[in-house]
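Structure assessment
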Amino acid sequence: MPTYSQTSQLDVAGELLTLLRDTTTEPRPDTQLEALTLAVAADLPVLLWGEPGIGKTAALTQLAESLNLPLTTVIASVHEPSDFSGLPVVGDDPAEHGVPMAPPDWAVRLVRAGRGLLFLDELSTAPPAVQAALLRLVLERRIGALQLPPGVRIVAAANPRSSAADGWELSPPLANRFVHLQWTHDHEVVVRGLAGTWPRATLPQLDPEALPDAVDFARRAVCGLLSARPGLVHRLPSGETRRGGPWPSPRSWDMTLCLIAFATAAGASRDVLSLLVRGTVGDGPGLELLASLDRMDLPDPETLLADPAGAVLPERGDLRQAVLDGVVAAVRSRPEKSRWDAAWALLVRALETGAPDLVVVPATTLATLRREDWDVPESIERLAGAVSVSRRADHAAARVAVAAKAGR
Amino acid sequence: MTHRTPDTPGELDLDKLYAARLHAARARPYLATALFALHTVASRSVPTMAVDRHWRCYVSPGFVDRTPVEELAGVWVHEVSHLLRDHHGRSDRVARERGLTGPGERLRMNIAADFEINDDVYGDGLAEPQGAVRARDMGLVEGKLMEEYLRQFKLGPRTAELAWLDCGSGADGLGREWELGPDGAHGLTAQERDAVRFRVAQGIRGRPGSAPKGWQRWAEEAFHPPQPWRDLLGAAVRSAVSGAGAGEDYTYGRPSRRSAGVPGVVLPSLRRRPPKVTVVIDTSGSVSDTELGSALLEVAAISRAVGGRRDLVSVVPCDATADFVHALCRGEGIPLTGGGGTDLRTGFARALKARPAPDVVVVLTDGQTPWPETRPPCRTVVGLFPRGTGSWIESDPDYVPDTPPAWARVVDIG
């Protein structure tokens, strides 16, 4: 019978669909999802930049699930400004009672629930007037007369200018309010996922004990950089390429401070922090901040000088040289015989535990700091390895110079 | 002396290797951070030296033994250049974009990357290592990027002797068996790699005099790769014509089509007022015919971006004078006559005199012109043809042309 066979065909189809949906998950570190989670936890509006179909919505679904928040998706480009600023409803006597601005139903439901994840999709294809209305929603968390409760977090998504052929670019004020995260797909993850195993990200957990230290660290990091580089405090995007992206301003630095504190309290990796910081103040200032964080991580020259025998120097050559340069600079700023001797002991230690070429420049500089009445310490004999390396390099340079002359 | 020579043949002579690194860092101080950030791994599987994408440097002990220090220094700089210039990332991108698969293609990428580096890293105190492959050996023009070289040669008899060439996954993105991989010790994380590259770029930009042109270009673009100018120009024009007061926006002047569904609610409707665009084209002698041709093509593209109303796009050819305004609807036959010096101020004046006044003025020029002193009453987009050398005026050798004013959005047309 036709009816019977149709039903059974649908049943079989249902069975096939169940089989297809039967996938498992495996834990896997995911830096972009960690960054997204931290920014959402810090209650900062996030903007995901990514090509269409790359899994932004899927990531949001996973995030909402793990934070146990209901997800509300609003496609910004199909809405009108009044959907975000409130729809004017004419009452009995507008002159007497005014015209109330009625919020749309999704906003009412969101406010009633008191908590939720609001996902504004396709922000970049929304016309300028809609973007202007969204500015108020993102900044003041207001939709018409409604105030979004603190439990609501906002995430937006946009397509990059290159792929949105008819897109508008984000205005600088709107861009400055977001943490911009570049959303890309990982080839391996996609292939493995289609084969039946999707990744399950382990989300960062804030450590309650680490909170005061995290705030202290974040303040030191941001203030340290900005007092040394006042030009970085506020810089409007100038070039055409950087329009619509993150840029530094007191507001975005404040967001950065907040994000550093959250990342520190959650024990997030530098890669996660890098995504967040560069997504808030832009690549240039962000990289400068990260570089100064790296310097904050280096051992303090004074501590090293106080105990050269127990000093632990970084493994990586460039960092090790930065530390040794710092030690020599510290001796130069307050030259005393004991400090000078301690610095030599440190150089010997560096030579014994690492590459000799790193020691050459600090040793040469340290030697020039000698006062007449200071005796050369015995330990300097042990720096002969560095001297011979330096001499070989000198000879090579001389040979190159001779060859260049002969070639001319 | 504690000078260490290898006790047994085949042991890595670290002192020699580090002497070479020191020489390299002295010859190229701006690369010192990157050179010192590399982690050395002795390996018998590499023919010479190779790098992986995690900034480990694999070194063949035999190669160190038979190579003089000054040449080793050149190899150090060569290998670190692969990493700084992100050759592995760029190879992966090219492989995806052009569908290049297989080890043969990766070898080609390695060779093309070597061409790019070897063009300009040696000399000036740094010796060129024996057997460094140069683009000119294959009859190619030097000074190109790896992506450009890739289009210009195939594997064949001329590259047969390069088949042993292997700079590791840091050069062409293809993982090797002998590499330690992402989980191995002493690798740099993505953030650390960026930090090192950033510090090197900053060092070069801080003292631009000491680095050759190729490195300066790299430093400028390391974290801001140039975008295709067509996209940028399109976006600039689009955003200029769609801003408030021009183009598409909301109006309460007419009820929205959605009004019928929600009685009692006043909704705005989307109105489109097609913007009027005037393109001022610099036809002075300093702009070549090819550039004018591409400029005209852009005018056509802009007219489409504005919504296809070609009658709303007009063209003002401008040299020292601007006498005529042409409507684009008259076809492609706009006479781009002119030559001699430019004064774009007349072009601006001419464009603004039109009634109705334009919403947007697009200027296509090489920038060797005086600009209006005050901001015109409309949005301005400037498409700038690049000029390598500064302008020169016989009577005034110190003449430097004005840069486009701050009120204009400037797109470099390359």
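Residues numbered from 1 in each chain as written. Chains lettered and ligands numbered in written order. Predicted model: local features only at pLDDT ≥ 70, side-chain atom pairs only at ≥ 80, totals over all residues. Heavy atoms only, no water.

**What to know about the overall build of chain A**
On a plain count of helices and strands, chain A comes out with 18 helices and 11 strands. Scaling as 2.2 N^0.38, a compact globule of 408 residues should have a C-alpha radius of gyration of about 22 Å, whereas chain A reaches 30 Å, well beyond that. Overall, chain A is about 100 × 70 × 60 Å in size when its C-alpha atoms are taken along their principal axes. Relative to its full complement of 408 residues, chain A shows a buried share of 46%. Within the structure as shown, chain A displays about 20,000 Å² of accessible surface, and the carbon and sulfur contribution to it stands at 56%. The positive charge centre, built from 39 side chains, and the negative charge centre, built from 49, are 7 Å apart in chain A. (Helix = DSSP H or I, 4+ residues; strand = E, 2+ residues; numbered from the N terminus. Rg over C-alpha atoms; globule rule 2.2 N^0.38 Å. Buried < 20%, exposed > 50% of the residue type's maximum accessible area, 1.4 Å probe, protein only. Areas by Shrake-Rupley, 256 points an atom, 1.4 Å probe, with all protein chains shown as cover. Lys, Arg positive; Asp, Glu negative; His and termini not counted. Charge placed at Lys NZ, Arg CZ, Asp CG, Glu CD.)

**Considering the side chain of Arg108 of chain B**
All names here are of chain B. Structurally, the position occupied by Arg108 is in helix α6 (residues 103–118). Arg108 sits in the buried class, given a relative accessible area of 11%. Within the structure, Arg108 has its side chain in polar contact with the side chain of Glu105 (distance 3.0 Å). If near-sequence neighbours (up to four positions away) are discounted, Arg108 is found in contact with Leu100, Leu150, Phe153, Lys154 and Leu155. (Polar contact = N/O pair within 3.5 Å; in protein donor to acceptor, adjacent residues only side chain to side chain. Contact = heavy atoms within 4.5 Å.)

**Section: the packing of helix α4 (residues 69–84) of chain B against α6 of chain B**
Residues and elements named next belong to chain B. Relative to each other, α4 and α6 sit at 110°, their axes nearing to 10 Å. Regarding the angle of α4 to α6, the classification is roughly perpendicular. Both α4 and α6 take part in a crossing whose hand is right-handed. Touching His78, Ser81 and His82 of α4 are Asn110, Ala113, Asp114, Ile117 and Asn118, all from α6. Residues belonging to the contact of α4 with α6 are distributed by class as follows: 2 nonpolar, 5 polar and 1 charged. (Axes fitted to C-alpha atoms, helices over the stretch in contact; angles between N-to-C directions. Parallel < 35°, antiparallel > 145°, perpendicular 65-115°, else oblique. Left-handed = near helix turned anticlockwise from the far one by under 90°. Nonpolar A, V, L, I, M, F, W, Y, C, P; charged D, E, K, R; others polar.)

**With respect to the pairing of strand β3 (residues 71–75) of chain A**
The side chains of a regular strand alternate between both faces of the sheet. Residues and elements named next belong to chain A. Side chains Thr72 and Val74 project from β3 onto a buried face, and the interleaved Leu71, Thr73 and Ile75 project onto a face without burial. As paired strands, β3 and strand β6 (residues 115–121) are joined by 5 bridges and run parallel to one another. Bridge assignment links Thr73 to a residue of β6, and that residue is Phe119. (Pairing = 2+ DSSP bridges.)

**Some thoughts on the pattern of salt bridges**
Under the definition given, this model contains 35 salt bridges over all chains. With a shortest N-O distance of 2.7 Å, Arg278 of chain A and Asp194 of chain B are connected by a salt bridge. Remark: Asp194 of chain B occurs in helix α9 (residues 190–206) and Arg278 of chain A occurs in helix α12 (residues 270–281); the pair is interchain, linking two chains. For Arg278 of chain A, a relative accessible area of 15% puts it in the buried group. Judged by its relative accessible area of 18%, Asp194 of chain B falls in the buried class. (Salt bridge = Lys/Arg side-chain N within 4 Å of Asp/Glu carboxyl O.)

**What to know about helix α3 (residues 56–67) of chain A**
Residues and elements named next belong to chain A. Here α3 contains 12 residues, and its C-alpha end-to-end distance of 16 Å stays within 8% of the 16 Å for a straight helix at 1.5 Å per residue. Regarding α3, the residues found buried are Lys56, Ala59, Leu60, Leu63 and Ala64. Viewed end-on, α3 has its buried residues packed into an arc of 135°, placing them on one side of the element. Opposite the buried face of α3, at more than 90 degrees from it, the exposed residues are Ala58 and Glu65. Looking one or two places after α3, you find Asn68, whose phi comes out positive at around 60°. (Expected span 1.5 Å × (residues − 1). Arc of directions from axis to C-beta.)

**Overview of the sheet that holds strand β2 (residues 49–51) of chain B**
All names here are of chain B. With mixed pairing, 3 strands are arranged side by side in an open sheet as β1-β3-β2. Every interior strand has two partners, whereas the edge strands, β1 (39–42) and β2, have only one. Looking at each pair of strands side by side, their axes are set apart by 25° on average, direction ignored. Across 3 bridges, the pairing between β2 and strand β3 (residues 56–59) is antiparallel.

**Observations concerning the nonpolar core**
With 84 residues, the main nonpolar core has Leu366 of chain A together with Met49, Trp55, Trp76, Leu84, Trp215 and Trp218 of chain B as its most contacted residues. Not counting the four nearest positions on each side in its chain, Leu84 of chain B is found in contact with Leu31, Ala34, Trp55, Arg197, Val200, Trp215 and Trp218 of chain B. Counting residues in each nonpolar core, the second largest holds 47 residues, with Leu60, Leu63, Ala201 and Leu225 of chain A among its members. (Core = buried A, V, L, I, M, F, W, Y, C linked by side-chain atoms within 4.5 Å.)

**Quick look at the sheet that holds β3 of chain A**
All names here are of chain A. Spatially, the 5 strands line up as an open sheet ordered β3-β6-β9-β2-β10, and their pairing is parallel. Because the sheet does not close on itself, it has two edges, and the strands there are β3 and β10 (179–182). Strand-to-strand, the axes of this sheet are offset by a mean angle of 25°, without reference to chain direction. The strands touched by helix α7 (residues 128–140) within the sheet are β6 and β9 (151–158), with β6 carrying the most contacts at an inclination of about 155°.

**With respect to the pairing of strand β2 (residues 46–49) of chain A**
Residues and elements named next belong to chain A. Covered by surrounding structure in β2 are Val46 and Leu48 together with Leu47 and Trp49, the residues of both alternating faces. As paired strands, β2 and β9 are joined by 4 bridges and run parallel to one another. Looking across to β9, one finds that Leu48 is bridged to Ala157. Both β2 and β10 contribute to a ladder of 4 bridges, which runs parallel. Paired with Leu48 across the strands is Leu181, a residue of β10.

**Focus: the environment of Trp178 of chain B**
Counting through the fold element by element, Trp178 of chain B comes out in the loop between α8 (169–172) and α9. Distance in space between the C-alpha atoms of Trp178 of chain B and Ser45 of chain B is 6.6 Å, their sequence separation being 133 residues.

**Some words on the state of the cysteines**
A complete count under the given rule lists 0 disulfides over all chains for this structure. Left unpaired, Cys258 of chain A is separated from the closest cysteine sulfur, that of Cys223 of chain A, by 14 Å. Summary of cysteine pairing: Cys167 of chain B is not part of a disulfide, and the nearest cysteine sulfur, belonging to Cys57 of chain B, is at 10.0 Å. (Disulfide = S-S within 2.5 Å.)

**Structural notes on helix α6 (residues 105–113) of chain A**
All names here are of chain A. Among the residues making up α6, those that are buried are Trp106, Ala107 and Leu110. Buried residues along α6 cover an arc of 100° about the axis, so they all sit on one side. Summarising the geometry of α6, the exposed residues directed more than 90 degrees from the buried face are Arg109 and Arg112. Buried residues along α6 sit against β3, α4 (81–85), β6, β7 (142–143), β8 (146–147) and β9. Looking at the residues trailing α6, positive phi occurs at Gly114, about 85°.

**Quick word on the packing of helix α2 (residues 31–41) of chain A against α3 of chain A**
Residue and element names in this part refer to chain A. Relative to each other, α2 and α3 sit at 55°, their axes nearing to 11 Å. In terms of orientation, α2 lies oblique with respect to α3. The handedness of the crossing between α2 and α3 is right-handed. Facing Leu33, Leu36, Thr37 and Val40 of α2, the residues of α3 in contact are Ala59, Leu60, Gln62, Leu63 and Leu67. Counted by class, the contact of α2 with α3 contains 7 nonpolar, 2 polar and no charged residues.

**Here we look at the environment of Val189 of chain A**
Residue and element names in this part refer to chain A. Here Val189 is to be found in helix α9 (residues 187–194). Judged by relative accessible area, which is 17%, Val189 ranks as buried. The spacing of Val189 and Arg28 is 161 residues in sequence and 9.4 Å in space, taken between C-alpha atoms. Not counting chain neighbours up to four residues away, the residues in contact with Val189 comprise Arg28, Trp198 and Pro199.

**Brief notes about a nonpolar patch on the surface**
The grouping of Leu16, Leu17 and Leu20 of chain A at the surface amounts to a nonpolar patch, some 310 Å² of accessible area in total. Tracing the chain through its elements places Leu17 of chain A in helix α1 (residues 2–21). (Patch = residues over 30% accessible without salt bridge, like charges linked within 9 Å, V, L, I, M, F, W, Y side chains within 5 Å.)

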